[in-house]
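Letter by letter, the chains look like this.
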Amino acid sequence: MTPSRFAVFGHPVAHSLSPRIHAAFGRQLGIALEYVAIDAEPSQFAQALAQFAARGGQGANVTLPLKEDAHALAASRSERAVRAGAVNTLVRREDGWFGDNTDGAGLVRDLTERHGLDLRGRRVLLLGAGGAARGVAPALLDAGVRDMVIVNRSPARADALADALGEPGRAYTRYWEDLHELGDFELIVNATAAGRQEEGAFVLPLSLVDSLTAAVDLNYGEAAIGFLAWARAAQCRDVIDGLGMLVEQAAEAFELWHGTRPRTEEIYADLRAHGRVLVGED
Ligand code: NDP
């Protein structure tokens, strides 16, 4: 049987763990599939995706910096993708690509089921307003957090995300330089890419932390070292990286494509065991 074709698009994408995760899911469920990483700059993405479709591509994941472009390119979108304004999963349909966003569901599943956190009623600080922040913000609100303060290096992008969320009394923005005046939070989510470039980017005020604070980095591997080190030094009660979210958002995408949900614990444990070499690209 010819394996069905899938890919992850990004720039850069060579270190993506998605091919390994989807291959493991396919083996687990006896589904023959081919899943490759395709590097495409934003200006080449539309053409690369069209070529992939012409070669029989049936589904794709999309990672940074292409999630907002994927949203624009999709012929139709799920409600959660529309709310996010970003697409991380594409499904080939007769009328073109259907765009969905599994990042938020992946994060919430990891936090609530793997780590046993109750998100309800929590005050949340969301750092970042890029594609990942856009994906997780609606899901966190739906999971019952009390309110969400969005802080981004570029304030206009934070304002655009708050506007898109459409709950001005619950999700609103503040400036990065005012972090020390915002009080404490029971959940702090780092959805920035700062840890990929800058050492010392995460010297955040200790006043953000209380006795219940869970600190969550969407990054994993080296890119998460700075934020997680700050969170441990600040004595956050839970300190969680993005590896579980990565595996859960992949399982959600797999289910969309294949109609069956894989178990995630084995591949999670496998990737965790090799944690020191992870770079973090998805
Ligand atoms: P984007 O490029 O869309 O957004 C990057 C975000 O990081 C923006 O908010 C940007 O701020 C901010 N940022 C970048 N550099 C700095 C800095 N030096 N200081 C402060 N803020 C900075 O990327 P994504 O949103 O798609 O991804 C963000 C991170 O989340 C990535 O590192 C990615 O690997 C990770 N991720 C993990 C997933 C998982 O499954 N675990 C899933 C998705 C993403 P500005 O707007 O000012 O430029």
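None of these values were measured; they are calculated from a predicted model.

J.: Go over the sheet that holds strand β11 (residues 209–217) with me, naming the residues and quoting the values.
T.: Reading across the sheet, the 6 strands line up as β9-β8-β7-β10-β11-β12 and stay open at both edges, with parallel pairing between neighbours. On the outer flanks of this sheet lie β9 (171–174) and β12 (238–240), each paired with one strand and no other. Each strand axis lies, on average, 20 degrees off the axis of its neighbour in the sheet, ignoring direction. Of the strand pairs in this sheet, strand β10 (residues 185–190) and β11 are connected by 5 bridges, and their pairing is parallel. Counted as the bridge partner of Leu 187 is Ala 214 from β11. Lying on the sheet, helix α7 (residues 155–165) is in contact with β7 (123–127), β8 (147–151) and β9; it crosses β9 at an angle near 170 degrees. Strand contacts of helix α9 (residues 225–233): β7, β10, β11 and β12, with the helix running at about 165 degrees to β11, the strand carrying the most contacts.

J.: Describe the packing of aromatic side chains, naming the residues involved and giving the relevant values.
T.: Tallying each qualifying case throughout the model produces 7 aromatic pairs. Centroid distance Phe 227 to Trp 230: 5.9 Å. Interplanar angle 35 degrees. Geometry classified as tilted. Of the two residues, Phe 227 and Trp 230 both sit in helix α9, 3 residues apart, roughly one turn of that helix. Put simply, the rings of Phe 9, Phe 45, Phe 52 and Trp 97 pair up and form one aromatic cluster. The ring of Trp 97 has Arg 92 sitting right over it, with the charged end atom 5.3 Å from the ring centre. For Arg 93, the ring lying beneath its charged end belongs to Phe 98, and the centroid distance is 3.9 Å.

J.: Outline the UniProt feature "domain: SDH C-terminal" (unreviewed entry) in the chain, supporting the account with residue identities and numerical values.
T.: The residues that UniProt annotates with the feature "domain: SDH C-terminal" (unreviewed entry) are residues 242–269. The straight-line gap between the two end C-alpha atoms of residues 242–269 is 13 Å; of that span, 75% is helix and 0% is strand.

J.: Mind laying out the pattern of salt bridges, listing which residues take part and the relevant values?
T.: Counted under the stated rule, the structure contains 19 salt bridges. For the salt bridge of Glu 34 with Arg 5, the shortest nitrogen-to-oxygen distance reads 3.4 Å. Here the residue Glu 34 occupies a position in strand β2 (residues 33–39), and Arg 5 occupies one in strand β1 (residues 4–10), the gap between them amounting to 29 residues. With relative accessibility at 30%, the residue Glu 34 sits in the partly exposed group.

J.: A description of the domain arrangement of the chain should follow, citing residues and the corresponding values.
T.: One can read the domain layout of the chain as domain 1 (4–102 + 244–280) and domain 2 (104–241). Between the C-alpha centres of domain 1 and domain 2 the distance comes to 24 Å. Every contact between the two is made by 26 residues of domain 1 and, on the other side, 25 residues of domain 2. Carbon and sulfur atoms make up 49% of the area that domain 1 and domain 2 hide from each other, which totals about 2200 Å². Inspection of the region where domain 1 meets domain 2 yields 5 salt bridges. The partner of Glu 248 in a salt bridge is Arg 114, and the shortest N-O contact between them spans 2.7 Å. Scanning the region where domain 1 abuts domain 2 turns up 8 residue pairs in polar contact (both at pLDDT 80 or more).

Procedures and definitions
Residues numbered from 1 in each chain as written. Predicted model: local features only at pLDDT ≥ 70, side-chain atom pairs only at ≥ 80, totals over all residues. Heavy atoms only, no water. Pairing = 2+ DSSP bridges. Helix = DSSP H or I, 4+ residues; strand = E, 2+ residues; numbered from the N terminus. Axes fitted to C-alpha atoms, helices over the stretch in contact; angles between N-to-C directions. Contact = heavy atoms within 4.5 Å. Phe/Tyr/Trp six-rings, centres within 6.5 Å; stacked < 30°, edge-to-face > 60°. Lys NZ or Arg CZ within 6 Å of the ring centre and 35° of its normal. UniProt positions renumbered as here; feature names shortened; annotations may be inferred. Salt bridge = Lys/Arg side-chain N within 4 Å of Asp/Glu carboxyl O. Buried < 20%, exposed > 50% of the residue type's maximum accessible area, 1.4 Å probe, protein only. Domains from an automatic or database assignment. Buried area = accessible area lost by both parts, 1.4 Å probe. Polar contact = N/O pair within 3.5 Å; in protein donor to acceptor, adjacent residues only side chain to side chain.

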